[in-house]
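# Inside the fold
In case you want the letters, here they are:
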Amino acid sequence: MSTRVVTPRPASARQSPVLGVLALLLVLFTQAACAGGAPRRDLLTGPSHRPLKSQGLSAALPPHELPASGSGGAAGERPIPAAVGASHEEVRERARRVEEGRAEALVLAAQREGRDPEAARDAEADRALARMVGQCSGVEEVGAELAFTFWVEGGALTLVGYQEERGGGRAGRPVEAEGLARVLRLVLAEYMGRRTGEVVLRLRREEARWAVDYDASRPSARPAEARTLPVRTSGTPVGTFLAFQEAAGRWSRAVLVSAGGAARVELEVRLEDGRLAGWELREVRRTREGLGGSPRPLSPEVAGHLVQVLLPFSEGLGPRTVHVVLRAEHRQGETQARGRVESARVERPPQPPGPSWYRSMHEATLLRWREGVVEGSAWLAQRGVEELALWWVGGIIARGLGFFATEGLEWVTRALGREPEVAAGWLRTALERLTKEEKTTFEQLWAKVALEGEQALSRSERKALRGLFVRLEETIQQPLDDTLKKTLRADARTYYAELYPQFAKILKNSAEDLPIHPTFRRSRS
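Cut-offs applied
- Residues numbered from 1 in each chain as written.
- Predicted model: local features only at pLDDT ≥ 70, side-chain atom pairs only at ≥ 80, totals over all residues.
- Heavy atoms only, no water.
- Helix = DSSP H or I, 4+ residues; strand = E, 2+ residues; numbered from the N terminus.
- Buried < 20%, exposed > 50% of the residue type's maximum accessible area, 1.4 Å probe, protein only.
- Contact = heavy atoms within 4.5 Å.
- Phe/Tyr/Trp six-rings, centres within 6.5 Å; stacked < 30°, edge-to-face > 60°.
- Pairing = 2+ DSSP bridges.
- Axes fitted to C-alpha atoms, helices over the stretch in contact; angles between N-to-C directions.
- Patch = residues over 30% accessible without salt bridge, like charges linked within 9 Å, V, L, I, M, F, W, Y side chains within 5 Å.
- Areas by Shrake-Rupley, 256 points an atom, 1.4 Å probe, with all protein chains shown as cover.
- Salt bridge = Lys/Arg side-chain N within 4 Å of Asp/Glu carboxyl O.
- pLDDT = per-residue confidence, 0-100.
- Parallel < 35°, antiparallel > 145°, perpendicular 65-115°, else oblique.
- Left-handed = near helix turned anticlockwise from the far one by under 90°.
- Nonpolar A, V, L, I, M, F, W, Y, C, P; charged D, E, K, R; others polar.

## Here's the deal with the overall build of the protein
- On a plain count of helices and strands, the protein comes out with 16 helices and twelve strands.
- Counting all 525 residues of the protein, 51% fall into the buried class.
- A sequence separation of at least 24 residues applies to 76% of the contacts in the protein between residues at least 6 apart.

## Comments concerning the packing of aromatic side chains
- Considering all chains together, one arrives at two aromatic pairs under this definition.
- Note on F148 and Y162: the rings are 5.3 Å apart at their centroids and 55 degrees apart in plane angle, and the pair reads as tilted. Taken as a pair, F148 in strand β2 (residues 145–153) and Y162 in strand β3 (residues 156–165) lie far apart in primary sequence, 14 residues in all.
- When its relative accessible area of 3% is taken as the criterion, Y162 is described as buried.

## Things to note about the sheet that holds strand β11 (residues 338–347)
- Spatially, β5-β4-β2-β3-β11-β10-β7-β8 is the arrangement adopted by the eight strands of the open sheet, whose pairing is antiparallel. Only two strands of the sheet have a single partner each, and these edge strands are β5 (210–215) and β8 (275–288). Here the average twist between neighbouring strands, direction ignored, is 20 degrees.
- One ladder, built from eleven bridges, connects strand β7 (residues 262–272) with β8; its direction is antiparallel. Residue pairing for β8: R264 is matched across the bridge by R285.
- Contacts between helix α4 (residues 117–136) and the sheet are confined to β2, β3, β4 (197–205), β5 and β11, with β2 contributing the most and set at about 165 degrees to the helix.
- Most of the contacts of helix α6 (residues 238–253) go to β8, to which it runs at about 30 degrees, and overall it touches β7, β8 and β10 (319–329).

## With respect to a nonpolar patch on the surface
- A cluster of nonpolar side chains, contributed by V238, F241 and L242, occupies part of the molecular surface with about 280 Å² of accessible area.
- Relative to the helices and strands, F241 is located in helix α6.

## Quick notes on the confidence of the model for the protein
- Residues of the protein with pLDDT of at least 70 account for 74%, and the chain-wide mean is 75.
- Here residues 1–84 is modelled with pLDDT under 50, and outside its nearest four sequence neighbours on either side it reaches 220 contacts, counting other chains as well.
- Across residues 517–525 the pLDDT falls below 50, and counting only partners more than four positions away or on other chains, this stretch makes 26 contacts in the model.

## Quick notes on the pairing of β7
- Of all eleven residues in β7, ten are buried, a share of seventy percent or more.
- Across eleven bridges, β7 lies against β10 in antiparallel orientation. What sits directly across from V269, in β10, is V322.

## Here's the deal with the packing of helix α13 (residues 436–452) against helix α14 (residues 459–475)
- At a minimum axis distance of 10 Å, the contact between α13 and α14 shows a crossing angle of 125 degrees. Taken together, the axis directions place α13 and α14 in an arrangement best described as oblique. Crossing geometry of α13 relative to α14 is assigned as left-handed. Together, E438, T441, F442, L445, W446, K448 and V449 of α13 and E461, A464, L465, L468, F469 and R471 of α14 make up the contact between the two elements.
- Its residues assigned to classes, the contact of α13 with α14 shows eight nonpolar, one polar and four charged.

Here is the structure:
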């Protein structure tokens, strides 16, 4: 297969040393795969294990692969180290900062475009308040305590844990919801809304009111699902509510409690972003023997309470599992068993190897989707190919390459398995090889995976997405046309100026003296 390698063609043998240095540096950031060609095996997987760079694509090459001094500067000049003395690690760090800067710009745009931050904070607090008041409405026993554990950041309230302890005492007098709402609004807006960290709100049922205790002293690491952008919506999307309601109904019908007995029920609920990905009934264990007779089903109120507890957990980010423990009992003379959620907590899978900025980008895009200001994928597409490539690659890494393991792929999976900023740059230029229609289809299908989940793809869509990766595999091994060469050369210059701003002016003013001449070299895979 052919692999494109770019070498400099000096305008004259007596050009200035500075121009010679710049010519060498342009080589470093445009040679290995700058044209979107198939990456050389040794650059991707060889012992040196040094990543491709520039526009995310070309290489911070190992010393033995640098061109001879005469090929980039005046004859007789001393060899110049890569990136004018910069180590390969320094070049990699520069590229990483460039890519992170793009991600940060996208997140900032999501925060500012058409959004009132204070209105979003207020909506976030109102939503949490309404849900807590709703859960308190069904608790009458004096001494009962409900604990809500949030991660608070940037005004966003991400629920990470819930605990309920029953008082076991007599029923108290009715409590006015308005009074509890006033206290909670003060706590959420004034005490919690401006801080960052874990906060526990404990609500204790008294005779005729709820006492609210606020604790922000417990140190805790930032959870992976924590949001940083408050969402300006007033409730739960209808589709999400119906999905939880249906699942809770099916689960509750599968549980039976012995007449006069009690049971402890464990349930695992799998979430990805705001979607219900699955659920599993782990255990139903008797904690009190009954008096005999037919086992009793759970009351429909149990399923309703479960939905009420779980819905706030759906506002987190990424894949996670909510472990739920429920206590159920049957009382003599009643036809159905009662039940309440005792605890619910997030259990997180091992942190994926994806880039730290991917979750921020994903949250920014998901924010638009959740708020309905602009459809998430459409808004992201307006940002340009740089952000799209970062978002795609971040999602691919976060999900693992298994989904894209398709027969016939070699270079695509190797390139996407590299460092995020390397893979993003590679994908940018590789996508230039596709037709406009193919790129549009790729964008739509991957947006559906990232925003609605892999399970949202139909069989034909799944086949089409994998087919596009096969198409990339084929196109990157084909020669470039002159138009694409010019485009990629311009991109390489722009990217180099981002990496080394101190050379941007002379690179722009001396473009005619620093041409980039493409050549092709055969490389066995």
